[in-house]
Amino acid sequence: MSAYATRVRSVGGYLPAKVLTNADLSRIVSTTDEWIAERTGIRQRHIAADCETTSDLATRAAEDALQRAGLTADDIDLIVLGTTTPDFTFPSTATMVQQKLGVTRGAAFDVQAVCSGFIFSLATADNFLVRGQFERALVIGAETLSRILDWSDRSTCVLFGDGAGAMVLERTPAGKPADAGVLAVELRSDGRFRDLLFADGGPSSTRTTGKLRMAGNQVFKHAVLKISESVRAVAERAGVSLDEVDWFVPHQANQRILTAVARELGVDEARVVSTVAQHGNTSAASVPLALAAAIDDGRIKDGELVLMEAIGGGFTWGAALIRMGMKQS
Ligand code: UT7
């Protein structure tokens, strides 16, 4: 057993000011508010300003999380950032956030797991902290998905939005308290499904960024099954039953997926946090943004068990079980 465990110190978020409603979209592509709301639950999404990049959104979310933890950039020695819409091919968006925050020690790097990016980043940071290699990490999910959408494709452009969420994770001596922090993580991927959800370009193939392409209804079916599997697996790994979980914070792709997964798992939807109506699918940012929203409105409290999950292109998918322990012990 490791000498260290991790603790969740805070969660923060940032949404760009500009809101794009379903009615706005109906003036861009052949769609209606009724279709989008009924098929997805989405009512609006936020869109980054022309001058805002993913690292700008990420920095704002990180500042919010630091402020909520009562910490400064000097307290951070690891930044792990999940994104599929980096500012540049290189350097990593994480190092740009490092520079914008004024962090000058430790390390910063990106994780590419598309919509599962936050779960994969959390797992990565947790491993480094538990190993004792770093002390305090910023785990960030940040996206400007609007930049890689095909705005003439109504089957995808209505689904996504921009935003960023961040979490401060801290190394603590193992067993103090025994059951706080990151309790278990389940990560999966299967490259055989790459053609169902992908960007049709990249630096080494087309030498362009490409646009997001998705076989929506096939992704939907995989999402329900694979998410349900990983939720069961992470709970089993941690030795807790789903009844003991206080809150489920899913990736916010489609309200129908949230409902179908809850039904599949026999979980009361009152325990499922949904921000899909207000945020749409913000890819790697969706889980921390939903978590931040439910902490802010007083639903998720210190000491509660929270199960997060996501699925994205690759496919990548996974789940993480955490116990909120934000108060200083
Ligand atoms: O973040 C990664 C994970 N991503 C997801 O989990 C997304 C998963 N997929 C979905 O959420 C759903 O499949 C969608 C919301 C993308 C689509 O819903 P659906 O119920 O699977 O619809 P569909 O793709 O089977 O399309 C049904 C109809 C089609 O028309 P026809 O062929 O029946 O005449 C589409 O052309 O709906 C049409 N349609 C639209 N109509 C109005 C597709 N998009 C739109 C639209 N407005 N925006």
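Quick caveat, the model's predicted, so the values are computed rather than measured.

> How would you sum up the overall build of the protein chain? Please name residues and give values.
The secondary structure content of the protein chain amounts to ten helices and 13 strands. Over its C-alpha trace the protein chain gives a radius of gyration of 18 Å, about what one expects of a compact globule, namely 20 Å for 329 residues. A principal-axis box enclosing the C-alpha atoms of the protein chain has dimensions of 55 × 45 × 40 Å. Burial statistics for the protein chain: of 329 residues in total, 57% are counted as buried. Sequence-distant contacts, at least 24 apart, represent 76% of the contacts inside the protein chain between residues at least 6 apart. Accessible area for the protein chain stands at about 13700 Å²; split by element, carbon and sulfur atoms hold 50% of it. Within the protein chain, the 39 negative side-chain charges are centred at a point lying 2 Å from the centre of the 34 positive side-chain charges.

> Residue-level account of the pattern of salt bridges, with values.
All told, the structure shown has 16 salt bridges when counted by the stated rule. Between Arg237 and Glu186 there is a salt bridge, with the nearest N and O atoms lying 2.7 Å from each other. Taken together, the residues span a long stretch of sequence, with Arg237 in helix α7 (residues 216–238) and Glu186 in strand β8 (residues 181–189) at a distance of 51 residues. In this structure, Arg299 and Asp297 form a salt bridge, with 2.9 Å as the shortest nitrogen-oxygen distance. Looking at Asp297, the relative accessible area reads 45%, which means it is partly exposed. Salt bridges sharing partners connect three or more residues here, namely Arg7, Arg9, Asp75, Arg136 and Glu170.

> Break down the site of the ligand for me, citing the residues and quoting the values.
In the vicinity of the ligand there are 23 residues, among which Thr31, Arg39, Arg154, Asn254 and Asn281 approach most closely. Separating a nitrogen atom of the ligand from a side-chain N or O atom of Thr31 is a distance of 2.6 Å. Separating an oxygen atom of the ligand from a side-chain N or O atom of Asn281 is a distance of 2.7 Å. Burial of the ligand by the surrounding chains reaches 73%, relative to a free accessible area of 940 Å².

> Help me get a handle on empty space enclosed by the protein, residues and values and all.
This model, assessed by the stated rule, comprises one cavity of 30 Å³ or more. The calculated volume of the largest cavity comes to roughly 70 Å³. Along the walls of the largest cavity sit Val231, Phe248, Pro250, Leu258, Val261, Ala262, Leu265, Val267, Val272 and Glu309, which together make up its complete lining. For the lining of the largest cavity, the secondary structure elements donating two or more residues are β11 (247–250) and α8 (255–265). In terms of residue count, α8 provides more of the lining of the largest cavity than any other element does, four residues in total.

> Residue-level account of the domain arrangement of the protein chain, with values.
You can read the domains of the protein chain as domain 1 (4–173) and domain 2 (181–323). The straight-line distance from the C-alpha centre of domain 1 to that of domain 2 is 14 Å. On the domain 2 side, the residues contacting the 53 residues of domain 1 number 46 residues. Here domain 1 and domain 2 share an interface that buries about 3600 Å² over both sides, 67% of which is from carbon and sulfur atoms. Of all residues in domain 1, Cys115, Ile119 and Ile148 give up the largest surface area on contact with domain 2, accounting jointly for 18% of the area buried on that side.

> Please give an account of the layout of surface pockets that cites residues and values.
In this structure, the largest pocket encloses a volume near 790 Å³. Looking at the lining of the largest pocket, the elements that each hand over two or more residues are β5 (107–111) and β9 (197–199). In terms of residue count, β9 provides more of the lining of the largest pocket than any other element does, three residues in total. For the lining of the largest pocket, a count of residues per class yields 13 nonpolar, 15 polar and five charged.

> Would you mind going over helix α5 (residues 117–130) in detail, with residue names and values included?
End to end, α5 covers 20 Å across 14 residues, agreeing with the expected 20 Å (1.5 Å per residue, within 8%). Of all 14 residues making up α5, ten are buried, and the element is well covered by its neighbours. If you check which residues of α5 are buried, you get Gly117, Phe118, Ile119, Phe120, Ser121, Leu122, Ala123, Ala125, Asp126 and Leu129. Within two residues after α5, Gly132 carries a phi angle of roughly 85°, on the positive side.

> Give me the sheet that holds strand β12 (residues 305–312): which residues, what numbers.
Reading across from one edge, β8-β13-β12-β11 is the order of the four strands in this open sheet, with mixed pairing throughout. Sheet topology places β8 and β11 at the edges, where each strand pairs with a single neighbour. Ignoring strand direction, the axes of neighbouring strands in this sheet form an average angle of 15°. As defined by bridge partners, β11 adjoins β12 across four bridges and the pair is classed as parallel. When the bridges of β12 are listed, Trp247 appears paired with Val306.

About the thresholds
Residues numbered from 1 in each chain as written. Predicted model: local features only at pLDDT ≥ 70, side-chain atom pairs only at ≥ 80, totals over all residues. Heavy atoms only, no water. Helix = DSSP H or I, 4+ residues; strand = E, 2+ residues; numbered from the N terminus. Rg over C-alpha atoms; globule rule 2.2 N^0.38 Å. Buried < 20%, exposed > 50% of the residue type's maximum accessible area, 1.4 Å probe, protein only. Contact = heavy atoms within 4.5 Å. Areas by Shrake-Rupley, 256 points an atom, 1.4 Å probe, with all protein chains shown as cover. Lys, Arg positive; Asp, Glu negative; His and termini not counted. Charge placed at Lys NZ, Arg CZ, Asp CG, Glu CD. Salt bridge = Lys/Arg side-chain N within 4 Å of Asp/Glu carboxyl O. Near = heavy atom within 4 Å. Polar contact = N/O pair within 3.5 Å; in protein donor to acceptor, adjacent residues only side chain to side chain. 1 Å grid on protein atoms, 1.4 Å probe; cavity = no way out; pocket = protein on both sides within 12 Å on 5 of 7 lines; lining within 4 Å. Points joined across faces, edges and corners; volume = space filled by probe spheres on them. Domains from an automatic or database assignment. Buried area = accessible area lost by both parts, 1.4 Å probe. Nonpolar A, V, L, I, M, F, W, Y, C, P; charged D, E, K, R; others polar. Expected span 1.5 Å × (residues − 1). Pairing = 2+ DSSP bridges. Axes fitted to C-alpha atoms, helices over the stretch in contact; angles between N-to-C directions.

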